[in-house]
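# Breakdown of the fold
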Amino acid sequence: MSEETAELPLLRAELGDIILAERDLHGIARSIFTDEEIQIIEPLLSEGYRRLPARDAKGLPIALSTLNCAIEFAHLIDPDRNIMLAIMLQPLHAADMMSDQRIKELGGDDVLSLIQGIEAVTRFSDRNNASNQENFRGLMLALAHDIRVIIIMIVRNLVLMRAINHHPDQNWVRSVAFEANYLYAQLAHRLGLYKIKGELEDLSLKYTNREIYSQIALKLNETKKSRDEYIQNFIAPLRENLAKEDFCFEIKGRTKSISSIWNKMKKQKVDLQGIYDLFAIRVIIDTPLEREKTDCWKAYAILSDMYQANPARMKDWISFPKSNGYESLHGTVMGPGHKWVEVQFRTRRMDLVAEKGLAAHWRYKGVKSDSTDQWMANIRDILETAEAGPMQLMKSINMDNAAKEVYAFTPKGDLFRLSSGATVLDFAFHIHSNIGSRCTGAIVNGQHRKMTYPIHNGDTVEILTSANQVPRQEWLNIVKSTKARNKIKQCLNEQKQRLADIGKEALTRRAKNRKIDLDEALLMKLIKKQGHKFVTDFYAEIGDDKIDPGRFLNTYLDFVNREHESERLSAQEFRIKQAEQEEGTADVLHIGEKTINGLNYKFARCCNPIYGDDVFGFISSDGTVKIHKESCPNASNIRARYPYRIINATWSGKTGNVMPATIRVIGNDDIGIVANITGIISHEPGAVLRNISIDSNDGMFQGFLVVGISDSRQLSSLIKKIRTVKGVKDAVRI
């Protein structure tokens, strides 16, 4: 989409749609805002939307998309004041037409937080998440910040999908359809927003396989009359018998979604005529909360007396609600003409939850559900452990798979819900991390089972433990749940850290006994050179007796000698350097009483001085002057032992060449934090990132960054900027 296309004025039809949307939104606003608020907000929005660009980068009307999103959220979810304000004000905030302070004045901190959440998601969603794992992780983290942001983005994606039917950029349309199907439709499913989920999947099929979509839609339309007649004939006697029992109820009949029918056709390998459950009947009962289960089962009994039931297709989501809060009793019976018909029994409250998902719980304060918090925690767990790329992340979040659950009991009768395929080891970690860490097996239904045994519905599981048991690496191949995998990794990391602490102490003690002063920079360089990705791994191998500290110290001494030899300038190199200086490169140092051109000097590796540091010179045995910082850790020892070799050194006042400086950064091990830090360095004029070493443990990380920098003032400025990165605890030069 070109910039010229994005700047095209709105069409007459689009302007008409905006007027209608404003009227619709005004009616909704009257139910959630006071008259005083409406008098402030409506003129502000009207004026702000006129000043916004007519279209976004893809040519879609910005104002119309925003209004439709607010309207659909009110109709499909709930006309919540803060959420509606956040949706309507966000485009103005994103265009810098409304400040954070003004947002707070209009809606408060909560509205500003929602707007910031929407914008964080939008930044990642605009990229190609299907092929970029880091972008997808960022998107999901932004989503997982606030469940309301998730619901806003689901509705926003639905509005977008409706608007791109005839968009000229078909590659982009397919990309949007892909994200809608594999991300937002599955999130909608997990939150119980089945109506939105079905429409997103239908539209996704329409944009990615329009031929199949059109064929099924055409056949459904051709058979609609006969299908409606059948539904009415089926409903009539059921309605009569329910009325005889004094039920207050409503009966609906609906055809299943096109995408659902297509999935059944592929799975069962049949054509449309071979799908026997093209439609479902829903019986919605008005009854008090305490009579819900009783009345649903009673209504089902009336149905099963009328028609032959299929026990294999009975689904009791009343006794065991789905983790997204869905409750309903599903039964399948043989209707007239020997056709199987699915009938769903639910109460008015259950139907609201089924239509509007977990958001409906906001309306029922007496109905408590912690499913949302559990799911949000699970999303974060998935983000921390997924290592196979974005498709694996999407698969983990795909709730069609997660919807398959098993239920198992403890010997005391406590019921636990686990995902399908969960093992005894998963069950142990589900109870408690300490039990999982010490698990050796279980007694399942009176029989001894290994920890690899898969849990089945109704199993009674007693976990066996041993005080000597510890988690092992191979356990990661046994467990199926993200929670258990996280806990095992955490335990393994703790074990490694304990070994690393032992190994580091052993190496330090051995070096002290041999009076070897370990240079941290050279030590890290040698560790990396020997193939250790993380320094923790190196120390853990010493602690596990896989590396002898004495032999390593011998290797270290040889390595240090080679490094020092390589630092010395030869006579030929010196002459070349002197020639360069004579050609116009002024010496940046004053050594002794005056500048001594051509003096052979070098910067000490122990402190890496850069232009602007307070420095002094030390004449080494080969006549080379080594330049040290006054704050060098070796300075006091040098001055005490060799005072006669010390000479004054100052900078000439002219900026020096780029020199290396090491910065140690400590912070939270958050996704993207390292990228943010390196991004600051890359944008610093004249600064060059030469080397980076990161070691993380237990949610924290420590990094050593070697940066090429021209002077100490610039380095101080860079360190201050790094400290402002969210999650960074400290950044210091070493």
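Anyway, here's the lowdown on the structure attached to this text.

So, how was this worked out
Residues numbered from 1 in each chain as written. Predicted model: local features only at pLDDT ≥ 70, side-chain atom pairs only at ≥ 80, totals over all residues. Heavy atoms only, no water. Helix = DSSP H or I, 4+ residues; strand = E, 2+ residues; numbered from the N terminus. Buried < 20%, exposed > 50% of the residue type's maximum accessible area, 1.4 Å probe, protein only. Contact = heavy atoms within 4.5 Å. Areas by Shrake-Rupley, 256 points an atom, 1.4 Å probe, with all protein chains shown as cover. Phe/Tyr/Trp six-rings, centres within 6.5 Å; stacked < 30°, edge-to-face > 60°. Lys NZ or Arg CZ within 6 Å of the ring centre and 35° of its normal. Core = buried A, V, L, I, M, F, W, Y, C linked by side-chain atoms within 4.5 Å. Polar contact = N/O pair within 3.5 Å; in protein donor to acceptor, adjacent residues only side chain to side chain. Pairing = 2+ DSSP bridges. Axes fitted to C-alpha atoms, helices over the stretch in contact; angles between N-to-C directions. Parallel < 35°, antiparallel > 145°, perpendicular 65-115°, else oblique. Nonpolar A, V, L, I, M, F, W, Y, C, P; charged D, E, K, R; others polar. Patch = residues over 30% accessible without salt bridge, like charges linked within 9 Å, V, L, I, M, F, W, Y side chains within 5 Å. Salt bridge = Lys/Arg side-chain N within 4 Å of Asp/Glu carboxyl O.

## Some words on the overall build of the protein chain
Per the secondary structure count, the protein chain includes 29 helices and 20 strands. Scored against the burial criterion, the 734 residues of the protein chain give a buried share of 47%. Taking all contacts inside the protein chain whose residues are at least 6 apart in sequence as the whole, residues at least 24 apart take part in 67%. In the structure as shown, the protein chain presents an accessible area of about 37700 Å², 49% of it carried by carbon and sulfur atoms.

## Describing the packing of aromatic side chains
One pass over the full model with this rule turns up 10 aromatic pairs. Pairing Tyr 300 with Phe 345 gives two aromatic rings, centres 6.2 Å apart and planes at 85°, and the pair type is edge-to-face. Of this pair, Tyr 300 sits in helix H15 (residues 292-306) while Phe 345 sits in strand S6 (residues 339-347), and the two are 45 residues apart along the sequence. Each member of the pair, Tyr 300 as well as Phe 345, is classed as buried. With a centroid separation of 4.7 Å and an interplanar angle of 50°, the aromatic rings of Phe 538 and Phe 552 are classed as tilted. With Phe 538 in helix H24 (residues 535-543) and Phe 552 in helix H25 (residues 549-567), this pair connects stretches of sequence that are 14 residues apart. Each member of the pair, Phe 538 as well as Phe 552, is classed as buried. Among the aromatic residues, ring-to-ring pairing joins Trp 297, Tyr 300 and Phe 345 into one connected group. Across the ring face of Tyr 230, the terminal group of Lys 339 is positioned such that the distance to the ring centre comes to 5.0 Å.

## Re the nonpolar core
Residues Leu 89, Ile 154, Met 161, Ile 196 and Leu 200 are the most contacted members of the largest nonpolar core, which totals 70 residues. The element that contributes the greatest number of residues to this core is helix H9 (residues 147-163), accounting for 11 residues. Each residue touching Ile 196, except ones within four places of it in the same chain, is listed here: Leu 76, Ile 77, Ile 154, Val 155, Leu 158 and Ala 188. In terms of nonpolar packing, the next biggest core, distinct from the first, is built from 36 residues, Leu 238, Ile 251, Leu 278 and Ile 302 among them.

## Observations regarding the side chain of Arg 346
The topology assignment puts Arg 346 in strand S6. Note on Arg 346: relative accessible area 2%, which makes it buried. Separated by 2.7 Å, the side chains of Arg 346 and Tyr 326 make a polar contact. Within the local environment of Arg 346, its side chain forms a polar contact with the side chain of Ser 328, the two groups lying 3.5 Å apart.

## With respect to the sheet that holds strand S19 (residues 700-709)
Within the open sheet, the 4 strands sit side by side as S18-S19-S17-S20. Their pairing is antiparallel. For this open sheet the edge positions go to strand S18 (688-697) and strand S20 (728-733), each flanked by a neighbour on one side alone. Adjacent strand axes in the sheet meet at a mean angle of 15° when their direction is disregarded. Here S18 pairs with S19 via 9 bridges, running antiparallel. Within S19, the residue paired with Ile 694 across the bridge is Gly 703. Across the sheet, helix H29 (residues 712-723) is in contact with strand S17 (659-668), S19 and S20; its angle to S20 comes to roughly 165°.

## Some thoughts on the side chain of Arg 148
For Arg 148, the position within the fold is in helix H9. One polar contact links Arg 148 to Asp 110, side chain to side chain, over a distance of 2.7 Å.

## Things to note about the sheet that holds strand S10 (residues 447-449)
Read from one edge to the other, the open sheet built from 5 strands follows the order S8-S7-S11-S9-S10, with strand pairing classed as mixed. Bordering the open sheet on either side are strand S8 (415-419) and S10, each of which pairs with just one other strand. Looking at each pair of strands side by side, their axes are set apart by 40° on average, direction ignored.

## Description of the packing of helix H22 (residues 482-513) against H24
One way to put it is that H22 packs onto H24 with a least axis distance of 6 Å and a crossing angle of 75°. Relative to H24, H22 is oriented roughly perpendicular. For the pair formed by H22 and H24, the contact residues are Lys 496, Gln 497, Leu 499, Ala 500, Ile 502, Gly 503, Lys 504, Ala 506 and Leu 507 on the first element and Thr 536, Asp 537, Phe 538, Tyr 539, Ala 540, Ile 542 and Gly 543 on the second. The residue makeup of the contact of H22 with H24, split by class, is 9 nonpolar, 4 polar and 3 charged.

## Here's the deal with the environment of Ile 463
The residue Ile 463 is located in strand S11 (residues 459-465) in this model. For the pair formed by Ile 463 and Ala 428, sequence separation is 35 residues and the distance between their alpha carbons is 6.4 Å. When neighbours within four sequence positions are excluded, Ile 463 is seen to be in contact with Val 424, Phe 427, Ala 428, Ile 431, Ile 435, Cys 439, Gly 441 and Ala 442.

## Some thoughts on the packing of helix H12 (residues 210-222) against helix H14 (residues 258-268)
Packing of H12 against H14 brings their axes to within 10 Å, and their N-to-C directions diverge by 105°. Between H12 and H14, the crossing angle belongs to the class labelled roughly perpendicular. Contacts from Ile 212, Tyr 213, Ile 216, Ala 217 and Leu 220 in H12 reach Ile 258, Ile 261, Trp 262 and Met 265 in H14. When its residues are assigned to classes, the contact of H12 with H14 shows 9 nonpolar, no polar and no charged.

## Considerations on a nonpolar patch on the surface
A grouping of Val 674, Leu 689 and Ile 692 is seen on the molecular surface, where their side chains present a nonpolar patch of about 180 Å² in accessible area. Tracing the sequence through the fold places Leu 689 in strand S18.

## Looking at the pairing of strand S7 (residues 405-409)
When a strand is regular, its side chains alternate between the sheet's two faces. Buried residues dominate S7, accounting for 4 of its 5 residues. As defined by bridge partners, S7 adjoins S8 across 5 bridges and the pair is classed as antiparallel. When the bridges of S8 are listed, Ala 408 appears paired with Phe 416. In textbook terms, the turn of a hairpin is the stretch between consecutive antiparallel strands, and for S7 and S8 this stretch comprises 5 residues, one of which, Gly 413, has a positive phi near 95°. Note that S7 and S11 share 2 bridges and pair parallel. By the bridge assignment for S11, Ala 408 is matched with Asp 459.

## Here we look at the environment of Lys 219
Along the polypeptide, Lys 219 turns up in helix H12. With relative accessibility at 37%, the residue Lys 219 sits in the partly exposed group. Sequence separation of Lys 219 and Leu 272 is 53 residues, and the distance between their C-alpha atoms is 8.0 Å.

Worth remembering: the numbers are spatial, not functional.
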